[in-house]
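Tertiary structure, described
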Amino acid sequence: MIFDVIRKRRSVFPAQYNETPIAKVDILKVLEAGNWAPSHRKTEPWRFKVMQGETLEKLGLFLSLKYLETDSSPKEFKAKKIIENPKKASAIIAICMQRDPMKSVPEWEEVAAVAMAVQNMWLACTELGIGAYWSSPALVKHMGDFFEMNHEEACLGFFYMGNYTQEIPDSARGPIEDKTVWL
């Protein structure tokens, strides 16, 4: 049931991943789930850039150097973590948004559509037993220096993916009644 998958969805971080690769067929299933997100006026603004293998190492190095270059007081431990985290993932999908050239919908609606695509991807990962985590560091604004991006395309973050074996703890939410007003 979809409700069970929604409740099981968790952030599974790179430190929790093992070295077992994710099959390309499963990555494609996850991407296809993202492709079925709703979007106003069917702009389908989500764009995905899949990184694996050596590209993950290059990404970590790029981000670490950008961090050292742009942060007013960089910390060595953070620069090292930035280098290491991508290498722990089996795949990282850069989550990008391609702005509708006609600007037929407000930008926030396209960001929301991309977020819904990521939620679909996360739920698909949950169903497939793949750990996932959406990270949106400030450094994503520099991704045009790492890979080619189209005019009016923006990187909104990284969707880390990896296999894991450890038990992921349950989570809790406050009652919906505390967050709902019936009019």
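To be clear, the structure that these remarks concern was listed above.
Since the structure is predicted, the reported quantities are computational estimates derived from the model, not experimental observations. (Residues numbered from 1 in each chain as written. Predicted model: local features only at pLDDT ≥ 70, side-chain atom pairs only at ≥ 80, totals over all residues. Heavy atoms only, no water.)

1. What about the overall build of the chain?
Short version of the rule: Where helices and strands are cited, they refer to DSSP runs of H or I of at least four residues and of E of at least two residues respectively, numbered from the N terminus. Every radius of gyration here is taken over C-alpha atoms, with the globule rule written as 2.2 Å times N^0.38, N being the number of residues. Relative accessibility thresholds used throughout: buried, under 20% of the residue-type maximum; exposed, over 50%; partly exposed, between the two (1.4 Å probe, protein chains only). The Shrake-Rupley method, run with a 1.4 Å probe sphere, supplies the accessible areas, and residue values consider only the shown protein chains as cover. Neither His nor the chain ends contribute to the count of charged residues, in which Lys and Arg are positive and Asp and Glu negative. For this purpose, a charge sits on NZ of Lys, CZ of Arg, CG of Asp or CD of Glu.
Tallying secondary structure elements over the chain gives five helices and four strands in all. Of the regular secondary structure in the chain, the N- to C-terminal order runs α-α-β-α-α-β-α-β-β. For the chain, the C-alpha radius of gyration of 17 Å lies close to 16 Å, the compact-globule estimate for 183 residues. With the C-alpha coordinates of the chain rotated into their principal frame, the extents come out at 50 × 45 × 35 Å. With 183 residues in all, the chain has 41% of them scored as buried. A total accessible area of about 11400 Å² is found for the chain, and carbon and sulfur atoms account for 55% of it. Positive and negative side-chain charges of the chain, numbering 23 and 24 respectively, have mean locations separated by a distance of 2 Å.

2. Focus: the pattern of salt bridges
Under the convention used in this document: For salt bridges, the criterion is a side-chain nitrogen of Lys or Arg within 4 Å of an Asp or Glu carboxyl oxygen.
Tallying each qualifying case throughout the model produces seven salt bridges. Salt-bridge contacts for Lys 87 lead to Glu 84; the nearest nitrogen and oxygen are separated by 3.3 Å. In this pair, Lys 87 and Glu 84 both sit in helix 4 (residues 76–88), three residues apart, roughly one turn of the helix. Under the relative-accessibility criterion, Lys 87 is labelled partly exposed at 39%. The partly exposed category is assigned to Glu 84, whose relative accessible area is 30%. The network of salt bridges with common partners includes Lys 66, Glu 69 and Asp 145.

3. Topic: the nonpolar core
In plain terms, the rule: Within this scheme, the nonpolar core is defined by two criteria: the residues are buried Ala, Val, Leu, Ile, Met, Phe, Trp, Tyr or Cys, and they are joined through side-chain atoms within 4.5 Å. Contact between two residues is taken to exist if any of their heavy atoms lie within 4.5 Å; hydrogens are not considered.
Counting residues in each nonpolar core, the largest one holds 23 residues, and the members touching the most others are Val 30, Ile 93, Ile 95, Met 121, Cys 125, Phe 159 and Met 161. Where this core is concerned, the elements lending two or more residues are helix 2 (24–35), strand 2 (91–98), helix 5 (107–128) and strand 4 (153–162). Here the element with the most residues in this core is helix 5; it accounts for eight residues. For Ile 93, the contacting residues outside a window of four places in its chain are Leu 31, Phe 48, Lys 49, Val 50, Met 121, Gly 157, Phe 158, Phe 159 and Met 161. Tyr 17, Tyr 67, Ile 92 and Cys 155 belong to the second largest nonpolar core, which has 22 residues in total.

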